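Results of the structural survey
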Amino acid sequence: MHIFAIANQKGGVGKTTTAVNLAAALAANGQRTLLVDLDPQGNATMGAGVDKRQLEASVYQVLLQLATLDRARVSSPTGKFDVLPANRDLAGAEVELVDLDLREMRLKAALAAHRADYDFVLIDCPPSLSMLTLNGLCAAHGVIIPMQCEYYALEGLSDLVNTIKKVHANLNRDLKIIGLLRVMFDPRSTLSNQVSAQLEQHFGDKVFKTLVPRNVRLAEAPSYGIPGVLFDKAAKGAQAYMAFALEMIERVNSWKETT
Ligand code: ADP
Ligand code: MG
């Protein structure tokens, strides 16, 4: 089971879009996949076709050990993957976890019991470096960082990289940055191309080969509760996330060969 956190403390950079579409694309390729929604906004939950207002249990209860993962998970009615859903309740978890033992390790502990159930677990993190994101980073083997190729893209990246380094040093020796994913890319923009080239220069093979273009079909899909990769398979955005899933599967297989 490979666990990846999809993180960037900036909002609106494509974390949820990446989490939902990668989950659906991995599942479409036969990978047993769980999507964990760690954002109280519940956008990944809704994007996967699960109604966040009608949950029997959610990731909130799992983090507070009021429900098991087995009870809280649901299967996406539109994709072939499972969802550990979230809603507004999760906003309270931040405060309620503070005084509890091993508060950063709650998600990790919940997933440990289900190691045999999934090939991939994707964790959609909230736009902050909070206790929730910390739970995501402590549970994960790697981080996928979606980024827009704009002037301020690199600003703030150092905060995230420093947090990942600290978590690696103190809480989770397994954690590494898997890669930066360029999203909402506009191939006609000179700036996009410049920033993209800069990222490749600085981060080398930590930059994924796949480029996800700006594509309106990806933005429309969530209002139907259907992952973009299934909503309009022929759209450029859908094809990019399908290619990204294959790139991830290839990565993971290359680790198996070397270990
Ligand atoms: P985050 O989870 O980082 O806040 P989202 O995935 O919710 O970001 O994306 C922010 C907004 O941008 C959403 O409205 C989403 O539909 C839109 N969006 C994300 N990726 C793309 C894309 N490749 N093309 C067009 N719109 C996108
Ligand atoms: Mg989001």
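To keep things clear, this report deals only with the structure shown in the data block. (Residues numbered from 1 in each chain as written. Chains lettered and ligands numbered in written order. Predicted model: local features only at pLDDT ≥ 70, side-chain atom pairs only at ≥ 80, totals over all residues. Heavy atoms only, no water.)

**Regarding the overall build of the protein**
Convention followed: The helix and strand labels rest on DSSP assignments: H or I over at least four residues marks a helix, E over at least two residues marks a strand, and numbering proceeds from the N terminus. Put simply, the radius of gyration uses C-alpha atoms, and a globule should come to 2.2 Å times the residue count raised to 0.38. Each residue is placed in one exposure class: buried if its accessible area under a 1.4 Å probe, protein chains only, is under 20% of its type's maximum, exposed if it is over 50%, and partly exposed if it falls in between. Positive: Lys, Arg. Negative: Asp, Glu. His and the chain ends are not part of the count. We put the charge of a Lys on NZ, of an Arg on CZ, of an Asp on CG and of a Glu on CD.
Each helix and strand in the protein was counted, giving 12 helices and 8 strands. What you see for the protein is a C-alpha radius of gyration of 17 Å, in line with the 18 Å of a compact globule of 259 residues. C-alpha extents for the protein along the principal axes are approximately 50 × 40 × 35 Å. In the protein, buried positions account for 54% of the 259 residues. The average position of the 27 basic charges and that of the 27 acidic charges among the side chains of the protein differ by 3 Å.

**Section: the site of ligand 1**
Here is the rule: To be near a molecule or strand, a residue needs just one of its heavy atoms within 4 Å of it. N or O atoms closer than or at 3.5 Å make up a polar contact, with two conditions inside protein: a donor-capable atom paired with an acceptor-capable one, and, for residues adjacent in sequence, both atoms drawn from side chains. In this classification, Asp, Glu, Lys and Arg are treated as charged, Ala, Val, Leu, Ile, Met, Phe, Trp, Tyr, Cys and Pro as nonpolar, and every other residue, Gly included, as polar.
Near ligand 1 you find 14 residues, and of these Gly-12, Lys-15, Thr-16, Thr-17 and Asn-215 are the closest. Within the backbone of Gly-12, one N or O atom sits 2.7 Å away from an oxygen atom of ligand 1. Measuring from an oxygen atom of ligand 1, one finds a backbone N or O atom of Val-13 at 3.1 Å. Listed by contribution, the elements that provide at least two residues to the shell around ligand 1 are helix 1 (15–28), strand 8 (207–213) and helix 10 (216–220). Residue contributions to the shell around ligand 1 peak at 3 residues, all from helix 1. Residue composition of the shell around ligand 1, by class: 6 nonpolar, 6 polar and 2 charged.

**Considerations on the sheet that holds strand 1 (residues 2–6)**
What counts here: In short, DSSP must find at least two bridges between two strands for them to pair. Any two residues whose heavy atoms approach within 4.5 Å are treated as being in contact. Axis lines are fitted to C-alpha atoms, over the contacting stretch for helices. Their N-to-C directions set the angle, which ranges from 0 to 180 degrees.
A sheet is described by the order of its strands in space; here 8 strands give the open sequence 3-4-2-5-1-6-7-8, paired in mixed fashion. In the strand order of this sheet, the two ends are held by strand 3 (74–75) and strand 8, each with one partner. When strand 1 meets strand 6 (residues 142–148), the two strands line up parallel, connected through 3 bridges. By the bridge assignment for strand 6, Phe-4 is matched with Gly-142. Strands in contact with helix 1 are strand 1, strand 2 (33–37), strand 5 (120–124), strand 6 and strand 7 (176–185); relative to strand 5, the strand with the most contacts, it is inclined by about 165 degrees. The strands touched by helix 7 (residues 131–139) are strand 1, strand 5 and strand 6; relative to strand 1, the strand with the most contacts, the crossing angle is about 150 degrees.

**Regarding the pattern of salt bridges**
Two side chains bearing opposite charge may form a pair once their charged atoms approach each other closely. Under the convention used in this document: Salt bridges are identified by distance alone: a Lys or Arg side-chain nitrogen within 4 Å of an Asp or Glu carboxyl oxygen.
Under the defined criterion, the tally for this structure stands at 9 salt bridges. Asp-119 is the partner of Arg-32 in a salt bridge, and the nearest nitrogen-oxygen pair spans 3.0 Å. Of the two residues, Arg-32 is situated in the loop between helix 1 and strand 2 and Asp-119 in the loop between helix 6 (106–112) and strand 5; the sequence distance between them amounts to 87 residues. Taking the relative accessible area as the measure of exposure, Arg-32 reaches 40% and is therefore partly exposed. We note a salt bridge from Arg-182 to Glu-200, for which the minimum N-O separation is 3.1 Å. Placement of the pair is Arg-182 in strand 7 and Glu-200 in helix 9 (residues 190–203), with a sequence separation of 18 residues. One continuous salt-bridge network, built from bridges that share partners, spans Asp-70, Arg-73 and Asp-117.

**Re a nonpolar patch on the surface**
To keep things clear, this is the line we draw: Excluding any residue in a salt bridge, patches collect residues exceeding 30% relative accessible area, merging like charges within 9 Å and nonpolar Val, Leu, Ile, Met, Phe, Trp and Tyr side chains within 5 Å. Each accessible area is a Shrake-Rupley estimate made with a 1.4 Å probe; only the visible protein chains count as cover when residues are assessed.
A cluster of nonpolar side chains, Tyr-151, Tyr-152 and Leu-191, forms an exposed patch at the surface whose accessible area comes to about 360 Å². Mapped onto the elements, Leu-191 comes out in helix 9.

**Things to note about helix 1**
Operational definition: The span expected for a helix works out to 1.5 Å for each residue beyond the first.
Spanning 14 residues, helix 1 covers 20 Å between terminal C-alpha atoms, matching the ideal 20 Å at 1.5 Å per step. The element helix 1 is extensively covered by neighbouring structure, given that 11 of its 14 residues are classed as buried. All of the buried residues along helix 1 are Lys-15, Thr-18, Ala-19, Val-20, Asn-21, Leu-22, Ala-23, Ala-24, Ala-25, Leu-26 and Ala-27. At the exit of helix 1 stands Gly-30, carrying a positive phi of roughly 80 degrees.

**Section: the pairing of strand 5**
For strand 5, the buried fraction is high: 5 of the 5 residues fall into the buried class. Here strand 2 runs beside strand 5; their pairing, made up of 5 bridges, is parallel. Each residue of the ladder has a partner; that of Asp-37, found in strand 5, is Asp-124.

**Some remarks on the packing of aromatic side chains**
As a reminder, the rule being used: Working definition: a ring pair exists when centres of Phe, Tyr or Trp rings (six-membered ring for Trp) sit within 6.5 Å. Plane angles under 30 degrees give stacked, over 60 give edge-to-face, the rest tilted.
All told, the structure shown has 4 aromatic pairs when counted by the stated rule. Look at Tyr-224 and Phe-231: their rings are 5.0 Å apart centre to centre, the planes differ by 25 degrees, and that puts the pair in the stacked class.

**A few points about helix 9**
What counts here: Regarding the arc, it is the one traced by the directions from the helix axis to the C-beta atoms.
Helix length check: helix 9, at 14 residues, gives a terminal C-alpha distance of 20 Å against a target of 20 Å (1.5 Å per residue), a fit within 8%. Three or more residues of helix 9 are buried, namely Ser-192, Val-195, Ser-196 and Leu-199. Buried residues along helix 9 cover an arc of 105 degrees about the axis, so they all sit on one side. In helix 9, those exposed residues whose orientation departs by more than 90 degrees from the buried face are Thr-190 and Gln-201. Capping the start of helix 9, Ser-189 holds a side-chain oxygen 3.3 Å from the backbone nitrogen of Leu-191, two or three residues further along.

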